[in-house]
Amino acid sequence: MIQHGFRTLMVGSDTASFDKESAVFSRLKDYSAKMKDLYVIVFSLKKDGFAEISDSEKNLHIIPTNSSSRLMYFFDAIKIGKKIIKKNGFSINSSALSCQDPFESGIVGLYLKSKFHLPLQIQVHTDFLSPYFKNSFLNRVRVFISRFTIHKSNNIRVVSSVIKESIEKKFPKMGAKISILPIFVDLEGIEKTLEGNSLSQNKFSKDFFMFSRLSKEKRFDIALLSFKKVVENFPDAGLTIFGSGKEKGNIEKMITELDLEGNVILNEPKINTEILSDFKRDQGIFLLTSEFEGYGMTLIEAGVSGFPVVTTKVGIAKTSLFESDKNCFICEVGDVDCIAKSMIDFITNEEKRKSFGNNLRVSIKNISTNRDVYVSQYVGLLESILKK
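As a starting point, this report considers the structure included with it.

1. Thoughts on the sheet that holds strand S12 (residues 284-288)
- Taken in spatial order, the six strands make up an open sheet running S11-S10-S9-S12-S13-S14, and their pairing is parallel. Unpaired on one side and paired on the other, strand S11 (264-267) and strand S14 (329-331) mark the two borders of the sheet. Adjacent strand axes in the sheet meet at a mean angle of 20° when their direction is disregarded.
- As defined by bridge partners, strand S9 (residues 206-211) adjoins S12 across three bridges and the pair is classed as parallel. Directly across from Asp207, in S12, lies its bridge partner Gly284.
- The sheet strands contacting helix H7 (residues 220-233) are S9, strand S10 (237-242), S11 and S12, and the helix crosses S10 at an angle near 165°.

Spelled out as structure tokens, the structure:
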């Protein structure tokens, strides 16, 4: 049942939108149920073979750009966007644009805003103003692009107070309102999945685990150097890494160089709740060594599952929700000694493992919201920028 009479055109790059079993697709259906229409343009390559999805009952339309190359994403998205806006009667007081980042999709949104005078929301999911984000030429270009998209937007949705503060500091004369809406994490679903779990699938008596993309900013080199110090004191300790990505070869090489083949397992990615189900809550310890995170959803997922956490000071771990030495251990980025010391502290102190895990779980549950409330907040941010 349609509760709101406005249309939205989104632009992004999450190809999970085409997977009808994914959480992304499920959320899009929830959003569209509260709109007159929701159109989602997704950057994609023609060779990927994605087809348009139209769900008339939910007023949801997901359109791939099917571009010949990544360089064509911008032009193809604009072409599709112009056609959607003209054909479906988008107007300044009953339609909104939303872009999933202030970079490539943000430029598309900025063009469409300028041409059709529609209100624009820019979403920011990563701490792009962190000095660690600028570790590549492409990311430096993205930061440059953000100067224009941020200033020209009508609303900026960020996923944490840390990102909000960094944007306000960088763009003090910005006119757009910044709204904080964290990434939705299905806490009830996670707890239900893990309910009654008492079996561990792994072979180590002292278990650490990580799950993420195998990319440079995740700093697996720091994780392995820290873990090497742990193994020097506890030869039976183990680290299991779940993920895939460009850094896989470098990680494998470093495991060999540090003589950790018998202590580190590198597994293919799985659904996060399946990974969490592989470990006993009183035995597994979650490790994150990233140099930057936009939010850090894995921290929330591991934390609400009751696992003790060792993390670098990134993303949501920079907020008051995470309190070092009370509900987790937090170290500065790249601090191998601190990370190793924290890992060893959890190994040798069973009471800390239990109390920290429980404390973080309670803290997260206290600030959590259910799916219906989250969807209403998400749609409400878009509705708030409509020209009255």
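2. Regarding the state of the cysteines
- Evaluated as defined, the whole model comprises one disulfide.
- In this model Cys331 forms its disulfide with Cys338; the gap between the sulfur atoms is 2.1 Å. Negative torsions about the S-S bond denote left-handed disulfides, and the value of about -75° found for Cys331 with Cys338 makes this one left-handed.
- With relative accessibility at 1%, the residue Cys331 sits in the buried group.
- Its sulfur unpaired, Cys328 is 9.4 Å from the next cysteine sulfur, which belongs to Cys331.
- Since its relative accessible area comes to 0%, Cys328 is described here as buried.

3. So, the sheet that holds strand S2 (residues 37-42)
- With mixed pairing, eight strands are arranged side by side in an open sheet as S3-S4-S2-S1-S5-S6-S7-S8. At either margin of the open sheet sits one strand with a lone partner, and together these are strand S3 (53-55) and strand S8 (177-180). In this sheet, neighbouring strand axes are inclined to one another by 15° on average, regardless of whether the strands run parallel or antiparallel.
- Pairing analysis gives six bridges linking strand S1 (residues 7-12) to S2, with the strands arranged parallel. Residue pairing in the sheet places Leu9 in a bridge with Tyr39 of S2.

4. Notes on the side chain of Ser215
- Tracing the sequence through the fold places Ser215 in the loop between S9 and H7.
- Exposure remark for Ser215: the relative accessible area of 15% places this residue in the buried category.
- Each residue touching Ser215, except ones within four places of it in the same chain, is listed here: Phe220 and Glu247.

5. Observations regarding the nonpolar core
- Core analysis: the biggest nonpolar cluster contains 68 residues, and Leu9, Val124, Ile156, Ile167, Ile300 and Phe322 have the highest contact counts within it.
- Take this core: its biggest share by element is six residues, from helix H2 (residues 73-87).
- Apart from the residues within four sequence positions on either side, Ile167 is in contact with Val124, Phe128, Leu129, Ile150, Ile156, Val158, Met174 and Ile178.
- Grouped together as the second largest cluster of nonpolar side chains are 31 residues, Ile255, Ile285, Val310 and Val336 included.

6. Side note on helix H11 (residues 336-348)
- With 13 residues, H11 extends 18 Å from end C-alpha to end C-alpha; this agrees with the ideal 18 Å at 1.5 Å per step.
- Buried within H11 are the following residues: Val336, Ile339, Ala340, Ser342, Met343, Asp345, Phe346 and Ile347.
- Buried residues in H11 make contact with S9, H7, S12, strand S13 (309-312), S14 and helix H12 (350-367).

7. Let's talk about the environment of Glu217
- Within the secondary structure, Glu217 sits in the loop between S9 and H7.
- Under the relative-accessibility criterion, Glu217 is labelled buried at 16%.
- Taking C-alpha positions, Glu217 is 7.7 Å from Tyr132, a pair spaced 85 residues apart along the chain.
- With sequence-adjacent residues up to four places away left out, Glu217 is seen in contact with Ser290, Glu291 and Phe292.
- At 3.0 Å, the side chain of Glu217 and the side chain of Ser215 are in polar contact.

Here is what the cut-offs are and how they apply
- Residues numbered from 1 in each chain as written.
- Predicted model: local features only at pLDDT ≥ 70, side-chain atom pairs only at ≥ 80, totals over all residues.
- Heavy atoms only, no water.
- Pairing = 2+ DSSP bridges.
- Helix = DSSP H or I, 4+ residues; strand = E, 2+ residues; numbered from the N terminus.
- Axes fitted to C-alpha atoms, helices over the stretch in contact; angles between N-to-C directions.
- Contact = heavy atoms within 4.5 Å.
- Disulfide = S-S within 2.5 Å.
- Buried < 20%, exposed > 50% of the residue type's maximum accessible area, 1.4 Å probe, protein only.
- Core = buried A, V, L, I, M, F, W, Y, C linked by side-chain atoms within 4.5 Å.
- Expected span 1.5 Å × (residues − 1).
- Polar contact = N/O pair within 3.5 Å; in protein donor to acceptor, adjacent residues only side chain to side chain.

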